[in-house]
Structure formats: C-alpha cells, structure tokens
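Structure assessment
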Amino acid sequence: MQPYEIYVITNQELREKIRAASNDQSQVTDCSYLLVFAAWDNYTAERINAAFDMTETIRDFKSESGAAYRQMLLKSYPNRDLEVNFTHAAKQAYIGLDTALIAAAYEQVDCTPMEGFSPDAVDEILNLKSKGLRSVVMLPLGYRKADEDWLVTLKKVRRTKEQFISWIQ
Ligand SMILES: Cc1cc2nc3c(=O)[nH]c(=O)nc-3n(C[C@H](O)[C@H](O)[C@H](O)COP(=O)(O)O)c2cc1C
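Here is a short report on the structure shown in this document. This one's a predicted model, so the numbers in the text were calculated from it and none came from an experiment. Here, residues in each chain are numbered from 1, in the same order as that chain's written sequence. Per-residue local features are limited, in this predicted model, to residues with pLDDT of at least 70; the limit for side-chain atom pairs, both in listing and counting, is 80 or more; totals at the level of whole chains, interfaces and linings are taken over all residues. Where side-chain values are given, they derive from all heavy atoms of the structure, hydrogens and water being excluded.

Considering helix H5 (residues 82–106)
The criterion, for reference: By definition, any uninterrupted DSSP run of H or I lasting at least four residues is a helix, any uninterrupted run of E lasting at least two residues is a strand, and each is numbered from the N terminus. One less than the residue count of a helix, multiplied by 1.5 Å, gives the span that helix is expected to have. Exposed residues in this analysis have more than 50% of their type's maximum accessible area, buried residues have under 20%, and partly exposed residues fall in between, with area computed by a 1.4 Å probe over protein chains only. In what follows, residue pairs with any heavy atoms lying within 4.5 Å of each other are defined as contacts. Each polar contact in these results corresponds to two N or O atoms within 3.5 Å; when the atoms are within protein, one needs to be able to donate a hydrogen and the other to accept it, and residues that are neighboring in sequence are counted only if both atoms are side-chain atoms.
Here H5 contains 25 residues, and its C-alpha end-to-end distance of 37 Å stays within 8% of the 36 Å for a straight helix at 1.5 Å per residue. Turning to H5, its buried residues number three or more, namely Asn85, Phe86, Ala89, Ala90, Ala93, Gly96, Leu97, Ala100 and Ala104. Contacts from the buried residues of H5 go to strand E1 (4–9), strand E2 (33–40), strand E3 (110–111) and strand E4 (133–142). Its side-chain oxygen placed 3.0 Å from the backbone nitrogen of Glu83, Asp81 serves as the N-cap of H5. Positive backbone phi, approximately 60 degrees, marks Gln108, located one or two places after H5.

Structure follows, in structure tokens:
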C-alpha cells in the first residue's frame, strides 16, 4: 500500500523552522535536499480501497484472491488501534528510508538518517496532520565538507560478523 509519503524540502525558510524543531542540527539547513518520510496516521477503508483499486486498474484484472485479500484487510486494519496502525505504516516508511540510504551511498551522496527531531513540531510545520500523515524520520542529502567535518576520517565502528550474524544450519 505504500503507506507513507516523502517530502523533499529545499525551501530554506521551512528548513530553518524544522532545524529549530531538530535540536538545532545544522544538517537540516546545510543539506541540498531534506527528505521527510511521513507515514499514514491510520489505515482507513478509503486508503485500503484506493490501493486495491489502483492495483486492479494498473494490472487490468480482478481476481478472487485479490478481492478476498481486500475484504480481509477491510475487516481487520481499520478496526485496529490507531497507534498500532501508525506504527505499522511507520515501519514501511523505514523500508523506503533504507533504500534511500543505499541509493545515496551508491551515488556517492552523503546523508544522515535522523530521528532527532520533534515529530509533532515537524507535523505542524509541514501541515501533515490535515493530510492524515505523521513525520517518522528525516534524511538530509548532500555532499560532505570533508575539510570541516571531524567525523569524516574516523573509522567506521562495526561489530564483527561473528558477533552480528548467527547461522542456523
Ligand atoms: C534511526 C536513526 C536516527 C538517527 N538520528 C540522528 C540525528 O537526529 N542526528 C544525527 O546527527 N544522527 C542521527 N543518527 C545517526 C547518524 O545517522 C549516524 O551518522 C549514522 O547512523 C552513522 O552511520 P555510519 O556508522 O554508517 O557512519 C541516527 C541514526 C539512525 C539509524
């Protein structure tokens, strides 16, 4: 269902406001593009139907299994607790974030995944509530200033594969 949207913010005035709601972190205004991942605040029958309708239109066919799946979701998701649905949608947004991180690295663009902001304040600044969205995570993108960034030369710290991965064969 792609239960999230991405805002790409280049407007400096807005970014100043977001920076103030992000512990004054400078990457919010220094970056070239500020991505805000905003998840659906809830799963409604309207949103579920729209996703299934779009699938049927694009694929130009309807199936019994598709109809049953739609009904299953319509019966369960809209009746669940609001926070359960938002958390579910937010997790999907992180799939998008992960893909963006890897894509940026592949393109040799620097970025910083950020949760260090007040979601309520950012929702207010971007008027997300009225759109049924809530900010989840941000991703400033750009190019590092290597000569001014003391972190650049530090070694990456990673636990070893043995500590990190358990094989069950
Ligand atoms: C979910 C999440 C939230 C984060 N929030 C912030 C943040 O608000 N500000 C910040 O400077 N770094 C934040 N970080 C950490 C930076 O993105 C950090 O540079 C990065 O995780 C380090 O990655 P590396 O070990 O590949 O260099 C966050 C990381 C994650 C995964």
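Let us keep going from here.
A short note on the pairing of E4
This is how the line gets drawn: Any two strands with at least two DSSP-identified bridges between them are counted as paired.
Counted residue by residue, E4 has nine buried out of 10 residues, so it is predominantly covered. Bridge analysis of E2 against E4 gives eight bridges, and the strand direction is antiparallel. Paired with Phe37 across the bridge in E4 is Val137. By the bridge criterion, two bridges tie E3 to E4 in an arrangement that is antiparallel. For Asp110, the partnering residue across the bridge sits in E4 and is Gly142.

A few points about the packing of aromatic side chains
The following threshold applies: Aromatic rings from Phe, Tyr and Trp, with only the six-membered ring used for Trp, were paired whenever their centres fell within 6.5 Å, and each pair was classed as stacked if the ring planes differed by under 30 degrees, edge-to-face if by over 60, and tilted otherwise. Both a distance and an angle decide whether a charge sits over a ring: NZ of Lys or CZ of Arg must be within 6 Å of the ring centre and within 35 degrees of the ring normal.
Tallied over the entire structure, the rule returns four aromatic pairs. The interplanar angle of 80 degrees and the centroid separation of 5.6 Å between the aromatic rings of Phe52 and Tyr69 together place this pair among those described as edge-to-face. On the criterion of sequence distance, the pair formed by Phe52 in helix H3 (residues 45–59) and Tyr69 in helix H4 (residues 64–76) is long-range, its members being 17 residues apart. Taken together, Trp40, Tyr43 and Tyr77 form an aromatic cluster joined through their ring pairs. For the cation-ring pair, Arg134 lies above Phe86, with the distance from its terminal atom to the ring centre recorded as 3.7 Å.

Notes on the site of the ligand
Let me state the cut-off plainly: By convention in this text, a residue qualifies as near a molecule or strand provided that one of its non-hydrogen atoms is within 4 Å of it. Note on areas: these come from Shrake-Rupley sampling with a 1.4 Å probe, and a residue is covered only by the protein chains present in the view.
All residues in the neighbourhood of the ligand are listed as Gln25, Gln27, Thr112, Pro113, Met114, Glu115, Gly116, Lys156 and Arg158. In this structure, Gln25 approaches the ligand through a side-chain N or O atom, which is 2.7 Å from a nitrogen atom. A distance of 2.2 Å is found between an oxygen atom of the ligand and a side-chain nitrogen or oxygen belonging to Lys156. Contact with the protein chains removes 51% of the 620 Å² of surface that the ligand exposes when unbound.

Let's talk about the environment of Ala38
Note that Ala38 resides in strand E2. Relative accessible area serves as the criterion here: at 0%, Ala38 is assigned to the buried category. With 83 residues separating them in the primary sequence, Ala38 and Ala121 have C-alpha atoms 13 Å apart. Not counting chain neighbours up to four residues away, the residues in contact with Ala38 comprise Tyr4, Glu5, Leu128, Leu133, Arg134 and Ser135.

Brief notes about the sheet that holds E3
One open sheet accounts for four strands, arranged E1-E2-E4-E3; its pairing is antiparallel. The strands lining the two open edges of the sheet, one partner per strand, are E1 and E3.

Some remarks on the nonpolar core
Basically, it comes down to this: Among buried residues, the Ala, Val, Leu, Ile, Met, Phe, Trp, Tyr and Cys ones that are joined through side-chain atoms within 4.5 Å form a nonpolar core.
Counting residues in hydrophobic clusters, the biggest one holds 37 residues, and the most contacted among them are Ile18, Leu34, Val36, Phe37 and Met138. Secondary-structure elements contributing two or more residues to this core are E1, E2, H3, H4, H5 and E4. Once you skip the residues sitting within four places of it in the chain, Phe37 turns out to touch Tyr4, Glu5, Ile6, Ala93, Gly96, Leu97, Ala100, Arg134, Ser135, Val136, Val137 and Leu139.

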